[in-house]
Amino acid sequence: MEPMRGPTHARCAISSCGWCDQDGVDCRFCSGTGWWRPERPHRDGSGVIVWHRIDEPCRGCAGTGKEHSPTAAL
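Residues numbered from 1 in each chain as written. Predicted model: local features only at pLDDT ≥ 70, side-chain atom pairs only at ≥ 80, totals over all residues. Heavy atoms only, no water.

Q: So what about the pairing of strand 2 (residues 39-43)? Which residues, and what values?
A: Bridge count for strand 2 against strand 3 (residues 49-53) is five bridges, and the pairing is antiparallel. Across the sheet, His42 pairs through a bridge with Val50, a residue of strand 3. Hairpin remark: strand 2 followed by strand 3, antiparallel, with five residues in the connecting loop; positive phi at Gly47, about 90°. (Pairing = 2+ DSSP bridges. Helix = DSSP H or I, 4+ residues; strand = E, 2+ residues; numbered from the N terminus.)

So, in structure tokens, the structure goes:
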């Protein structure tokens, strides 16, 4: 990608993204929802570490529901 040129896809800034070029390919991390539920460690009052599920925008697709291919920019 040329640094002075804008992105060619609406979903990402990679000029030749294999995932954005395909239709109907959902993100493998969030299944196309744009949200995922990772676990976060938390120490309770007695000092035991427990895991809590949290909802957050998917990092694999930047919350778009469509996974991108960062290696295509190399």
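Once you've had a look at it, read on.
Q: Break down the pattern of salt bridges for me, citing the residues and quoting the values.
A: Within this structure, the stated rule accounts for three salt bridges. The partner of Arg37 in a salt bridge is Asp55, with the nearest N and O atoms 3.0 Å apart. Highlighted residues: Arg37 in the loop between strand 1 (35-36) and strand 2 and Asp55 in the loop between strand 3 and strand 4 (56-57), separated in sequence by 18 residues. Look at Arg37 and you get partly exposed, because its relative accessible area is 48%. One salt bridge in this structure joins Arg53 and Glu39, with 3.5 Å as the shortest N-O distance. In this pair, Arg53 is assigned in strand 3 and Glu39 in strand 2, connecting sequence segments 14 residues apart. A residue is classified by how much of its surface remains accessible, and Arg53, at 47% relative accessible area, is partly exposed. Overall, the relative accessible area of 43% leaves Glu39 in the partly exposed class. (Salt bridge = Lys/Arg side-chain N within 4 Å of Asp/Glu carboxyl O. Buried < 20%, exposed > 50% of the residue type's maximum accessible area, 1.4 Å probe, protein only.)

Don't take any of this as a statement about function, it's just geometry.
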